[in-house]
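# Observations on the three-dimensional arrangement
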Amino acid sequence: MWLFFTISTTLLWGLAELFYKKGSHEDRKYDHLRVCVLVGAVMGIHAIFTLLTSDIAYDPMNLIMYLPVSLCYILSMACSFFGIRFIEESLADPIENTAGAMCSLLCVIFLGESISPAIWFAIALTVVGIIGVSYTERSAEVNRSKKLGKRLAIIAFAMPFCYAIIDALGSFLDIFFLEIEHSPLIGVTEANIELVANVSYELTFAICAVILFVFMKLRHVKFELPKQGDKIAAAVCETAGQLTYVYAMSGNGAIAAPILSCVCVVSLVLSRIFLKEKLTKKQYLFISIIVLGILMLAVLEGE
């Protein structure tokens, strides 16, 4: 069953990326906050469902204990939601998926871990791809500054990188929080520690969603729920993928991880088919290098 859940997670997260982009409009100032509110609402519903149907004896203090990790993940997603209002999904998603390579580097720098030459090569590939993609932004073919203005073009293009860095930091912190021997989480066991962490993250996202909703109401921002179909679909796919992810990794994680890293490939294909996104040949070349590095890293770390 782990293979079914692995493929399901990959497809669900790929679909989530598609719907995130479909539901984001660069001319609607607070669209990224609308996405945050709806994702937080769906995650909150799922967290409450989990607490009602699972016997994990959840301690509410874990909301505070897990807050540093939760905020990293939430802030990284907010950066992503802002960025895809202006950046092609098929360009943003591969960059965002370099978070795994960045997390590996953090482990080397701060934990003194050693990694094999093959993994160094995979990381180097992603760096080359990122540098190449950044270089193409200056080309006449892309010319994003002309469309958005120089300042907004720089900020928008920086968002996928912000996502990768902040998400990598969250994953790095998770190394400490999900190790039962020294985890600060309260009342956890080997069997429920990941579930407790996930519930804490989802409840925190729900609280942030409430705060953002109140902020938007105070600013008199329209929030017409019937018109948010794509955003709701994205939130449901994101949360469903998170649920199947737990079961996918509980089976054969060494094989599941490389498959799950194909989310950016699924997203790229879906964006090309349904959103009709077209990148330059140079962009496709450097994105291919990034994806190759990500896949290599996933395979090598799973060994």
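Whatever comes next refers back to the structure up there.
The model shown is predicted, which means the values in this text are computed figures rather than measured ones.

### Re the overall build of the chain
Within the chain, the regular secondary structure consists of 14 helices and zero strands. Counted from the first residue to the last, the chain has its helices and strands arranged as α-α-α-α-α-α-α-α-α-α-α-α-α-α. With the C-alpha coordinates aligned to their principal axes, the bounding extent of the chain is approximately 60 × 55 × 35 Å. When contacts within the chain are restricted to residue pairs at least 6 apart in sequence, long-range pairs at least 24 apart make up 85% of them. With an accessible surface of roughly 14,700 Å², the chain has 69% of that area assigned to carbon and sulfur atoms. If you average the places of the 22 positive and of the 26 negative side-chain charges in the chain, the two averages end up 19 Å apart.

### Some points on the nonpolar core
Membership of the largest hydrophobic core comes to 60 residues, with the highest contact counts inside it found for Tyr20, Val39, Tyr66, Met77, Val133 and Tyr201. Not counting chain neighbours up to four residues away, the residues in contact with tyrosine 66 comprise Tyr73, Asp174, Phe177, Leu185, Ala197, Ser200 and Tyr201.

### Brief notes about the packing of aromatic side chains
In this structure the tally under the stated criterion is twelve aromatic pairs. Ring geometry for phenylalanine 110 versus phenylalanine 172: centroids 6.0 Å apart, planes at 50°, classification tilted. Here phenylalanine 172 lies in helix H9 (residues 150–177) and phenylalanine 110 lies in helix H6 (residues 99–111), a separation of 62 residues in the sequence. Where phenylalanine 213 meets phenylalanine 223, the ring centres are 5.7 Å apart and the plane angle is 75°; that geometry is what we call edge-to-face. With phenylalanine 213 in helix H10 (residues 193–218) and phenylalanine 223 in the loop between H10 and helix H11 (229–251), the pair connects residues that are ten residues apart, well separated along the chain. The exposure class assigned to phenylalanine 223 is buried, which follows from its relative accessible area of 16%. An aromatic cluster is present here, built from Tyr73, Tyr201 and Phe205 joined pairwise through their rings.

### Observations concerning the packing of helix H5 (residues 89–96) against H9
At a closest axis distance of 8 Å, the pairing of H5 and H9 adopts a crossing angle of 30°. Compared by their axis directions, H5 and H9 come out roughly parallel. The interaxial crossing formed by H5 with H9 has right-handed handedness. Along the contact surface, H5 presents Leu91, Ala92, Ile95 and Glu96, while H9 presents Phe157, Pro160, Phe161, Tyr163 and Ala164. Counted by class, the contact of H5 with H9 contains eight nonpolar, no polar and one charged residues.

### Focus: a nonpolar patch on the surface
On the surface, Ile109, Phe110, Leu111 and Phe176 cluster together into a nonpolar patch covering about 400 Å² of accessible area. Looking at the nonpolar patch element by element, the count peaks at three residues for H6. Counting through the fold element by element, leucine 111 comes out in helix H6.

### Considering the environment of serine 145
In this structure, serine 145 sits in helix H8 (residues 144–148). Relative accessible area serves as the criterion here: at 36%, serine 145 is assigned to the partly exposed category. Leaving out residues up to four positions away in the same chain, serine 145 has contacts with Lys150 and Ala153.

Calculation criteria
Residues numbered from 1 in each chain as written. Predicted model: local features only at pLDDT ≥ 70, side-chain atom pairs only at ≥ 80, totals over all residues. Heavy atoms only, no water. Helix = DSSP H or I, 4+ residues; strand = E, 2+ residues; numbered from the N terminus. Contact = heavy atoms within 4.5 Å. Areas by Shrake-Rupley, 256 points an atom, 1.4 Å probe, with all protein chains shown as cover. Lys, Arg positive; Asp, Glu negative; His and termini not counted. Charge placed at Lys NZ, Arg CZ, Asp CG, Glu CD. Core = buried A, V, L, I, M, F, W, Y, C linked by side-chain atoms within 4.5 Å. Buried < 20%, exposed > 50% of the residue type's maximum accessible area, 1.4 Å probe, protein only. Phe/Tyr/Trp six-rings, centres within 6.5 Å; stacked < 30°, edge-to-face > 60°. Axes fitted to C-alpha atoms, helices over the stretch in contact; angles between N-to-C directions. Parallel < 35°, antiparallel > 145°, perpendicular 65-115°, else oblique. Left-handed = near helix turned anticlockwise from the far one by under 90°. Nonpolar A, V, L, I, M, F, W, Y, C, P; charged D, E, K, R; others polar. Patch = residues over 30% accessible without salt bridge, like charges linked within 9 Å, V, L, I, M, F, W, Y side chains within 5 Å. Salt bridge = Lys/Arg side-chain N within 4 Å of Asp/Glu carboxyl O.

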